[in-house]
Each structure stands twice: as C-alpha cells, then as structure tokens.
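Tertiary structure, described
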Amino acid sequence: MLNNAQHWNDAYNDADTTQLGWYQKEHAVSMDLISSCDGKKIIDVGAGATTLVDTLLSNDYDVTVLDVSSEALRILSKRHGTNMQYIQGDLANELKLGVFDIWHDRAVLHFLLKESERKSYVANLESCIESGGYAVIETFSTDGEQMCCGLDLHTYDEQMLTDLLGDNWVLVDSIRHTHINPFGGERPYVSTIFKRN
Ligand SMILES: C[S@@+](CC[C@H](N)C(=O)[O-])C[C@H]1O[C@@H](n2cnc3c(N)ncnc32)[C@H](O)[C@@H]1O
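Summarised in this report is the structure supplied together with it. (Residues numbered from 1 in each chain as written. Predicted model: local features only at pLDDT ≥ 70, side-chain atom pairs only at ≥ 80, totals over all residues. Heavy atoms only, no water.)

On inspection of all chains with the given rule, the structure shows five aromatic pairs. Here tyrosine 12 and tryptophan 22 contribute two aromatic rings whose centre-to-centre distance is 6.0 Å and whose plane-to-plane angle is 75°, an arrangement assigned as edge-to-face. Taken together, the residues span a long stretch of sequence, with tyrosine 12 in helix α1 (residues 4-12) and tryptophan 22 in the loop between α1 and α2 (28-35) at a distance of ten residues. Looking at tryptophan 22, the relative accessible area reads 17%, which means it is buried. Ring geometry for tryptophan 103 against tyrosine 121: centres 5.4 Å apart, planes inclined by 85°, an arrangement best described as edge-to-face. One end of the pair, tryptophan 103, is in strand β4 (residues 100-106); the other, tyrosine 121, is in helix α5 (residues 115-128), and 18 residues separate them in sequence. The exposure classification of tryptophan 103 matches that of tyrosine 121, with both residues buried. Here a set of aromatic residues connected by ring pairs shows up, and it is made of Trp8, Tyr12, Trp22 and Phe111. (Phe/Tyr/Trp six-rings, centres within 6.5 Å; stacked < 30°, edge-to-face > 60°. Helix = DSSP H or I, 4+ residues; strand = E, 2+ residues; numbered from the N terminus. Buried < 20%, exposed > 50% of the residue type's maximum accessible area, 1.4 Å probe, protein only.)

This part takes up the side chain of glutamine 24. Its location among the elements puts glutamine 24 in the loop between α1 and α2. The buried category is assigned to glutamine 24, whose relative accessible area is 18%. Reaching out from glutamine 24, the side chain makes a polar contact with the side chain of histidine 27 at a distance of 3.2 Å. Not counting residues within four places of it along the chain, the set of residues in contact with glutamine 24 comprises Ser30, Thr51, Arg106 and His179. (Polar contact = N/O pair within 3.5 Å; in protein donor to acceptor, adjacent residues only side chain to side chain. Contact = heavy atoms within 4.5 Å.)

Among the nonpolar cores identified, the biggest contains 25 residues, and Ile43, Leu97, Trp103, Tyr121 and Ile137 are the most heavily contacted of them. Mapped by element, the contributors of at least two residues to this core are β1 (41-45), β4, α5, β5 (129-140), α6 (158-165) and β9 (186-196). The element contributing the most residues to this core is α5, with four residues. Formed by 20 residues, the second largest nonpolar core is a distinct cluster that contains Cys37, Val53, Leu56 and Val63. (Core = buried A, V, L, I, M, F, W, Y, C linked by side-chain atoms within 4.5 Å.)

The environment of the ligand is made up of 20 residues, and the closest members are Tyr12, Gly46, Asp67, Asp90 and Arg106. Glycine 46 places a polar main-chain atom, nitrogen or oxygen, 2.7 Å from a nitrogen atom of the ligand. Measuring from a nitrogen atom of the ligand, one finds a side-chain N or O atom of aspartate 90 at 2.7 Å. Here the ligand loses 97% of its free accessible area of 600 Å² to cover by the protein chains. Among the detected pockets, the ligand sits in the largest pocket. If one sorts the elements of the shell around the ligand by residue count, α1 sits on top with three residues. Across the shell around the ligand, the residue classes break down as eleven nonpolar, six polar and three charged. (Near = heavy atom within 4 Å. Areas by Shrake-Rupley, 256 points an atom, 1.4 Å probe, with all protein chains shown as cover. 1 Å grid on protein atoms, 1.4 Å probe; cavity = no way out; pocket = protein on both sides within 12 Å on 5 of 7 lines; lining within 4 Å. Sits in = over half its atoms within 2 Å of the grid points. Nonpolar A, V, L, I, M, F, W, Y, C, P; charged D, E, K, R; others polar.)

Okay, the pattern of salt bridges next. If you walk through the whole model with that rule in mind, you get five salt bridges. The salt bridge partner of arginine 176 is glutamate 158, with a shortest N-O separation of 2.8 Å. Of this pair, arginine 176 sits in strand β8 (residues 169-180) while glutamate 158 sits in helix α6, placing them 18 residues apart in sequence. For arginine 176, a relative accessible area of 42% translates into the label partly exposed. The buried category is assigned to glutamate 158, whose relative accessible area is 19%. Within the structure, one salt-bridge network assembled from shared partners comprises Asp143, Glu158 and Arg176. (Salt bridge = Lys/Arg side-chain N within 4 Å of Asp/Glu carboxyl O.)

In this structure, the largest pocket occupies an estimated 850 Å³ of space. Around the largest pocket sit 41 residues that line it, and Asn4, Trp8, Val108, Phe111 and Leu151 are the ones nearest its centre. Counting residues per element, the ones that place at least two in the lining of the largest pocket are α1, β2 (62-67), β4 and β7 (151-152). Looking at the lining of the largest pocket element by element, the count peaks at four residues for α1. Its residues placed into classes, the lining of the largest pocket shows 21 nonpolar, 13 polar and seven charged. (Points joined across faces, edges and corners; volume = space filled by probe spheres on them.)

Written out as structure tokens, the structure reads:
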C-alpha cells in the first residue's frame, strides 16, 4: 500500500491541476473568510497546487505553504519561487512550523481518520497560532461525499469542528456552500473561522 506522501505525489505527478476534483478557479469563500481575520502572515496547510496562494500574494500576504506532497510543493515553487516559504510535512505528526496570524486549511483535515492524527493536527495548529490568531478551516460536510481522491474521509459540521478544537477556540463565523468539481459533481463544504482565546 502507498504511504500518504506517495499517494499524493501520484495525484499531482504529471496532472493537469485544473482537472483535480478539488480545483477551484476562484476562491471567493476562502478569501472572504481570510480577509475578515486580522493579520497578513498566513500558513496554508495541505496547500496542494492551489491558486489561492496567487490571490494571497497579490493581496500582500506573507505566505507559507505546507504539504505532505513534494510534488505539490514543486508545482507551487515553480510558480512562485522565493515569493513564499515552503514546508514539506505531515500534519499527522507534530511539526515545528513557526508563528503565524492565520492558519488556512481547505480540504486536508478531513483526511485525518485516526484520533491520534487529529490530535497532532490540533497540536500543530496551536504551536503556530497564538492568542488572538485565527484558524480558517474548510472541510467536506457530513451531508456530502465521504471519499475524495480514493481516500475515506472524516467529515464535519460546525459542532464537530468546535469539539475538535476545544476550549482554546471560539467559532466566529461559518458558511455552508457547495463546490462543483471539474466533472460537475457537487461537494458540500463547511467553511469556518475560529479565533484563539
Ligand atoms: C484535496 S487536496 C486540497 C488542496 C488545496 N488545499 C486546495 O484547496 O486546492 C488535499 C491536500 O492535502 C495534502 N495532504 C494530505 N494529507 C496530508 C497530511 N497528512 N499532511 C499535510 N498535507 C496533507 C495533499 O497532498 C493535498 O495537496
């Protein structure tokens, strides 16, 4: 069986990234949520090959991207070179990441199926977002698809995300919306902002 990094490298290797199920041309929901947070220093975790970072850079954000896939990071670094920082790492392990104003995750948390992996995810989040900082977390919602990219998902609603993050965090906003994938499939999302106490 492929390990997680190999699985994702295969997904990105030689791919037309506009044909990946999670590809989106515009990032209206993500940008609405991110721009309502204070601060410009952002880490986009599970960034993949997203063009969200292009929009962030052109809006003067200081961008760090993290992904388990070296292939995804290669695609991004080909596009952006030294204009942003790159971290290869697995959120299921505890990592040293630095300090940021905003954590952004679109579609990676829901791949963490084991409780121990989710605990590491929260530990990583808390290691790099201090009091007053934000977590913008976007996942497949419980009423939608339960698989993506050939992998099972642990999907969420607002209460499940609130319970996962625990007492250090307050839910300040949440949007339900549907991503239409490149093949016309509907993928309901829950997109949230949490602020750290
Ligand atoms: C569905 S894609 C979403 C990509 C991007 N956020 C977007 O919205 O286009 C999930 C991404 O998470 C990355 N990923 C999966 N598991 C991960 C993990 N445990 N740690 C870090 N990144 C991971 C994958 O390599 C992939 O790029």
